[in-house]
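# An overview of the molecular structure
For reference, the chains in residue letters:
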Amino acid sequence: MRVGGALAALALVACGGTDDAPEAEGAPDVVDAATAFVPPRDADILLADLHWESSGPPGVGAPVNLTQRPDYDNQPHFTPDGSGLWYTANDAQQGQTDIWRWDFATERVTRVTQSAPESEYSATPLPDRTGISTIRVEADSTQRLWRFDADGSDAAVLLEDVAPVGYHAWADEHTVVMYVLGDPATLQRADTRTGRAEIVARDIGRSIQRIPGSFDISFDQRDADGHSTIMRLPGDGGAPVPIIAGLEGSQDHAWAPDGTLLQASGAVLHAAAPAPGASSPGADAGWEPIADFSDLRITLSRLAVSP
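Treat the numbers as computed from the prediction; the structure is a model and nothing was measured.

Reading the values: the criteria
- Residues numbered from 1 in each chain as written.
- Predicted model: local features only at pLDDT ≥ 70, side-chain atom pairs only at ≥ 80, totals over all residues.
- Heavy atoms only, no water.
- Salt bridge = Lys/Arg side-chain N within 4 Å of Asp/Glu carboxyl O.
- Buried < 20%, exposed > 50% of the residue type's maximum accessible area, 1.4 Å probe, protein only.
- Pairing = 2+ DSSP bridges.
- Helix = DSSP H or I, 4+ residues; strand = E, 2+ residues; numbered from the N terminus.
- Axes fitted to C-alpha atoms, helices over the stretch in contact; angles between N-to-C directions.
- Phe/Tyr/Trp six-rings, centres within 6.5 Å; stacked < 30°, edge-to-face > 60°.
- Lys NZ or Arg CZ within 6 Å of the ring centre and 35° of its normal.
- Core = buried A, V, L, I, M, F, W, Y, C linked by side-chain atoms within 4.5 Å.
- Contact = heavy atoms within 4.5 Å.

### Let's talk about the pattern of salt bridges
Tallied over the entire structure, the rule returns 13 salt bridges. Note that Asp-73 is salt-bridged to Arg-69, the shortest N-O span being 2.9 Å. We classify Asp-73 as buried; its relative accessible area is 0%. The shortest N-O distance in the salt bridge between Glu-198 and Arg-189 comes to 3.1 Å. The exposure class assigned to Glu-198 is partly exposed, which follows from its relative accessible area of 41%. Taken together, the salt bridges that share partners define one network made up of Arg-69, Asp-71 and Asp-73.

Printed below as a string of structure tokens:
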């Protein structure tokens, strides 16, 4: 898939499908984009073109099912150069979850981590591009933030004393913002040089994203009634400020390179355009549906956009 200019790639995680969908064993080798859409049997990674023809929200092309397995494939994240994406894949028979990498040029996958009995989730490029950071579920079930070289070697824990970590995003080379499980879940900002972390918000959702063109982080703030607001955490250490009310029932959001904010509700993908001269939607922004995949009988959850 060509990525460049006014064309980007959109990865969507979808659940649903029908009982007569074909089964595949293990991770796929090749997906033929010309074949009919293969419905997900569990959570699958879908890929679609995201394109801008003029001013306004982007359009979305027909999705292709990359993974096509009965097991869990989730948490896509594009490589910094857009040449591929990492994702989390579970082997139900072995009870093992690892990071895999999809390459667009070859349309093949490579296993990045293979470290039983530990499992890895949420691969994210390290700010210095030497490898990836992941959430590792250790042998005793402790969940901490780890780093790996690009080939899965040289594993090392990044924050010894912060657990259980669920999700994360990098604000800069040494600052990481994390969703830390608890009652309630907290948003914590840590410095990997000191190992120290501070709580900056409570009662948050799982989606934490770096805002393009900034050192700011967006996250999902929940209120007592379960409603959500997508917030901006300034990279300069300021207090969080609201961006836009989240869609009802949605847990995940993502940013396009131009500052368009994306979120899905059911089978419908929505967009909020950036304010004029701004890097993200303004306070008066609203959601606009840009793609409806109801005919595919899928439910969308996590989203990722190529850089």
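### Focus on the sheet that holds strand S23 (residues 268-272)
Strand order in the open sheet formed by four strands is S21-S22-S23-S24, and the pairing between neighbours is antiparallel. The open sheet has two edge strands, strand S21 (253-255) and strand S24 (288-292), and neither has a second partner. Sheet twist, expressed as the average angle between the axes of neighbouring strands with direction ignored, equals 30°. Pairing of strand S22 (residues 261-265) with S23, which is carried by five bridges, proceeds in the antiparallel orientation. Residue pairing across strands places Ser-265 opposite Val-268, the latter belonging to S23.

### Notes on the packing of aromatic side chains
The final tally for this structure, using the stated rule, is two aromatic pairs. With 5.6 Å between their ring centres and 65° between their planes, Tyr-167 and Tyr-179 make a pair best called edge-to-face. On the criterion of sequence distance, the pair formed by Tyr-167 in strand S13 (residues 165-170) and Tyr-179 in strand S14 (residues 175-180) is long-range, its members being twelve residues apart. Across the pair, exposure class does not vary: Tyr-167 and Tyr-179 are buried alike. Between the NZ or CZ atom of Arg-136 and the centre of the ring of Trp-146, over which it lies, the distance is 4.4 Å.

### Considerations on the nonpolar core
Ranked by size, the top nonpolar core spans 24 residues in total, and within it Leu-50, Val-60, Leu-262, Leu-269 and Phe-293 carry the most contacts. Of all the elements in the fold, those that place two or more residues in this core are strand S1 (7-16), strand S2 (43-51), S22, S23, S24 and strand S25 (298-305). Dropping the residues within four chain positions of it, Phe-293 is found in contact with Leu-12, Val-60, Gly-61, Pro-63, Ala-267, Ile-298 and Leu-300.

### Some remarks on the sheet that holds strand S8 (residues 108-111)
Pairing is antiparallel in the open sheet, where four strands are placed in the order S5-S6-S7-S8. With one partner strand each, in any of the chains shown, strand S5 (73-78) and S8 form the two edges of the open sheet. Between one strand and the next, the sheet's axes are offset by a mean angle of 30°, whatever the strand orientation. Both strand S7 (residues 96-103) and S8 contribute to a ladder of four bridges, which runs antiparallel. Across the sheet, the residue bridging to Asp-103 is Arg-108, located in S8.

### Description of the pairing of S14
Within S14, six of the six residues are buried, leaving the element largely enclosed by the surrounding structure. Of the two faces of S14, the one holding Thr-175, Val-177 and Tyr-179 and the one holding Val-176, Met-178 and Val-180 are both buried throughout. Sheet analysis places S13 next to S14, joined by five bridges and oriented antiparallel. If you follow Val-165 over to S14, its bridge partner there is Val-180. What sits between S13 and S14 in their antiparallel hairpin is a turn of four residues.

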